[in-house]
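Architecture and fold: a report
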Amino acid sequence: MTEPIKSGDRCEVIAGALGNTGPNIGKQVTVVELRGEHSEHGRIWRCHGEGLVTEFGALGTQADFAQSWLRKLPPDGVPPAVQQREKVSSG
């Protein structure tokens, strides 16, 4: 089972308000804090990254993302093969 997204996690942006064609798709971000619950999109996270475009069209280092728009990445320093072996041995 995958651990839910939390503050400090590294994530890849996989979607946005414009679906899968937004300007932040493919960018890596660090989750900073939970901003709240959106009536349509669910949990909203404030994230930090380089060259992020906000919902207002501003370019900066912080933007808000729905949890479903983020894909959690492995922690720094842990190769994917090691994580896969850990899942198999703990399962």
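What this report covers is the structure whose coordinates are included nearby. Counting from 1, residues in each chain are numbered in the order their sequence is written. The model is predicted, so local features are restricted to residues of pLDDT at least 70 and side-chain atom pairs to those at 80 or more, both for listing and for counting; the totals for chains, interfaces and linings are taken over all residues. For the side-chain quantities, the full set of heavy atoms in the structure was used; hydrogens and water were omitted.

A word on the overall build of the protein. A tally of helices and strands in the protein yields 1 helix and 5 strands. Walking the protein from its N terminus toward its C terminus, one meets helices and strands in the order β-β-β-β-β-α. Counting across all 91 residues of the protein, residues that qualify as buried make up 25%. For the protein, the share of sequence-separated contacts (at least 6 apart) that also reach a separation of at least 24 residues comes to 37%. The Shrake-Rupley method, run with a 1.4 Å probe sphere, supplies the accessible areas, and residue values consider only the shown protein chains as cover. As presented, the protein carries roughly 6,100 Å² of accessible surface, and 54% of it is formed by carbon and sulfur atoms. Strands here are runs of E lasting at least two residues and helices are runs of H or I lasting at least four, both read from the DSSP assignment and numbered beginning at the N terminus. Each residue is assigned to one of three classes by its accessible area relative to the maximum for its type, calculated with a 1.4 Å probe on protein chains only: buried under 20%, partly exposed between the two thresholds, exposed over 50%. Residues are treated as being in contact if the distance between any of their heavy atoms lies within 4.5 Å.

Further remarks concern the side chain of N24. Positionally, N24 belongs in the loop between β1 (10-13) and β2 (28-38). Using a relative accessible area of 8% as the deciding quantity, one classes N24 as buried. Here a polar contact is recorded for every N or O atom pair within 3.5 Å, except that within protein the pair must consist of a potential hydrogen donor and a potential acceptor, and residues adjacent in sequence are included only if both atoms are side-chain atoms. Separated by 2.8 Å, the side chain of N24 and the backbone oxygen of V53 make a polar contact. Among residues more than four places away in sequence, those in contact with N24 are V13, G51, L52, V53 and F65.

Moving on, we come to the environment of T21. One can find T21 in the loop between β1 and β2. Overall, the relative accessible area of 61% leaves T21 in the exposed class. Only 3.1 Å separates the side chain of T21 from the backbone oxygen of L18, close enough to count as a polar contact.

In regular strands, side chains alternate between the two faces of the sheet. In this analysis, strands are considered paired if DSSP registers two or more bridges between them. Strand direction decides the pairing type here: strand β3 (residues 42-53) and strand β4 (residues 59-66), joined by 7 bridges, are antiparallel. Its bridge partner being in β4, I44 is matched across the sheet by A66. Hairpin geometry of β3 and β4 is characterised by an intervening segment of 5 residues between the two adjacent antiparallel strands and by a positive phi of about 90 degrees at G57.

On to the nonpolar core, then. A general tendency of soluble globular proteins is for nonpolar side chains to be buried together. As used in this record, nonpolar core signifies buried Ala, Val, Leu, Ile, Met, Phe, Trp, Tyr and Cys residues forming a set joined through side-chain atoms within 4.5 Å. Counting residues in hydrophobic clusters, the biggest one holds 15 residues, and the most contacted among them are V29, V31, C47, F65 and L70. Of all the elements in the fold, those that place two or more residues in this core are β1, β2, β3 and β4. Looking at this core, the element that brings in the most residues is β3, giving 4 residues. Contacts of C47, omitting those with residues within four sequence positions, involve V29, T30, V31, V32, L52, T61, Q62, A63, F65 and L70.

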